[in-house]
Amino acid sequence: PTPAAPAPPPAPAALAFDVAAAPTSPPAPAALAFDVAAFAAEAKAEAAAAAVSAVRTVTATVTQLVDASLARAAAAQEASTRSIATQLDRIAAADADAPRARAAAMRLGAMEGSGVAIKQVLPEVLARVDALEKKIDAILAATASAPPASAATASEPPAATSSTDVRTRCRMLASSGDYDSAVYRAVEQSDVDVLLYALDAVGIDKVRTMSPLPFGQLTLLCLVQQLGTTLARDDAVDFKLEWLQLAVLGLDASNPRIADHVPAVLLQVKACMEGLPAAVTARHRERISLLVHVCQSIGSSATRRA
């Protein structure tokens, strides 16, 4: 009899984890709606230009005051000189005693010496004013020729600052009571770990009862963005949500410094919270629901005003 064909080998069991289907790297985070570094650089440039303009205005005013003072002094000296000369003429005509004539002559000499001194000092004063105006012109020219912050590229990163140095500085600022500077210095780094360190140094219990909050509107907006878009990145969700709620409720969407950016930031944060993993949402459902509602309400109102 013909031998039976061997049975086919059993099919391999389905794998619990498909390596081929697994992503090789985590998806890249969405681009932030608000670039705090570029905004800060532009704000600093505007402040510098405003300061230079103010200095130039003050210099022009000082120059006018100096010119007017010198003119008045020269006029007063000329009047006094004429008066003394008239007195000398009268004394000579009346053949008065010599002491009076000598005293009047000494006064005339003193006035003439004062006039010479003024004429000697005037060129120096004007030269210094001219030099100051030239320096101001140079600063204005340099400011005008500098590229805007938005023109910065990835190939030209800002000067690197040690994370440890930044954390130390943030803690020092927080310890001194300058909470706004401590948090703003952290958000400028665009590093949520540094931000969490700064917030811990500030301590939410110290600031939650303050009215108004000790943070500028720009700091609050940056805080909302960086916390709201990184909620699921680590296990600090409770900490982030507590600070996020404080910052969102402290926002003034009508503030002219942030009004143009509020809708985009809040709607991005709302989308990030709505896309959180189910486990995270289940653990923090009440607070997340509240924040989603507030972000939607403030963001929509800000959009209508714009």
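Details of the structure are given in the entry above.
Described below are features of the structure shown in this document. (Residues numbered from 1 in each chain as written. Predicted model: local features only at pLDDT ≥ 70, side-chain atom pairs only at ≥ 80, totals over all residues. Heavy atoms only, no water.)

## What to know about unusual backbone geometry
- The step from Ser-211 to Pro-212 runs through a cis peptide bond, and the omega angle for that step is 0°.
- Summarising the element assignment, Pro-212 is placed in the loop between helix H6 (204-207) and helix H7 (217-228).
- Of note, the phi angle at Ser-190 is positive, near 55°, even though the residue is not glycine.
- Given the relative accessible area of 49%, Ser-190 is considered partly exposed. (Helix = DSSP H or I, 4+ residues; strand = E, 2+ residues; numbered from the N terminus. Buried < 20%, exposed > 50% of the residue type's maximum accessible area, 1.4 Å probe, protein only.)

## Brief notes about the pattern of salt bridges
- Throughout the structure, instances matching the rule amount to four salt bridges.
- The salt bridge involving Arg-208 is made with Glu-242; its shortest N-O contact spans 2.6 Å. With Arg-208 in the loop between H6 and H7 and Glu-242 in helix H8 (residues 237-250), this residue pair connects regions lying 34 residues apart in the sequence.
- Judged by its relative accessible area of 38%, Arg-208 is partly exposed. (Salt bridge = Lys/Arg side-chain N within 4 Å of Asp/Glu carboxyl O.)

## A short note on the nonpolar core
- Among the nonpolar cores identified, the biggest contains 54 residues, and Val-202, Phe-215, Val-224, Trp-243, Leu-244 and Met-273 are the most heavily contacted of them.
- For this core, the elements supplying multiple residues, two or more each, are helix H3 (163-175), helix H4 (179-187), helix H5 (192-202), H6, H7, H8, helix H9 (262-274) and helix H11 (285-305).
- With eight residues, H5 is the largest single contributor of residues to this core.
- If we skip the residues at most four places from it in the chain, Trp-243 touches Leu-199, Val-202, Gly-203, Ile-204, Val-207, Phe-215, Leu-223 and Leu-227. (Core = buried A, V, L, I, M, F, W, Y, C linked by side-chain atoms within 4.5 Å. Contact = heavy atoms within 4.5 Å.)

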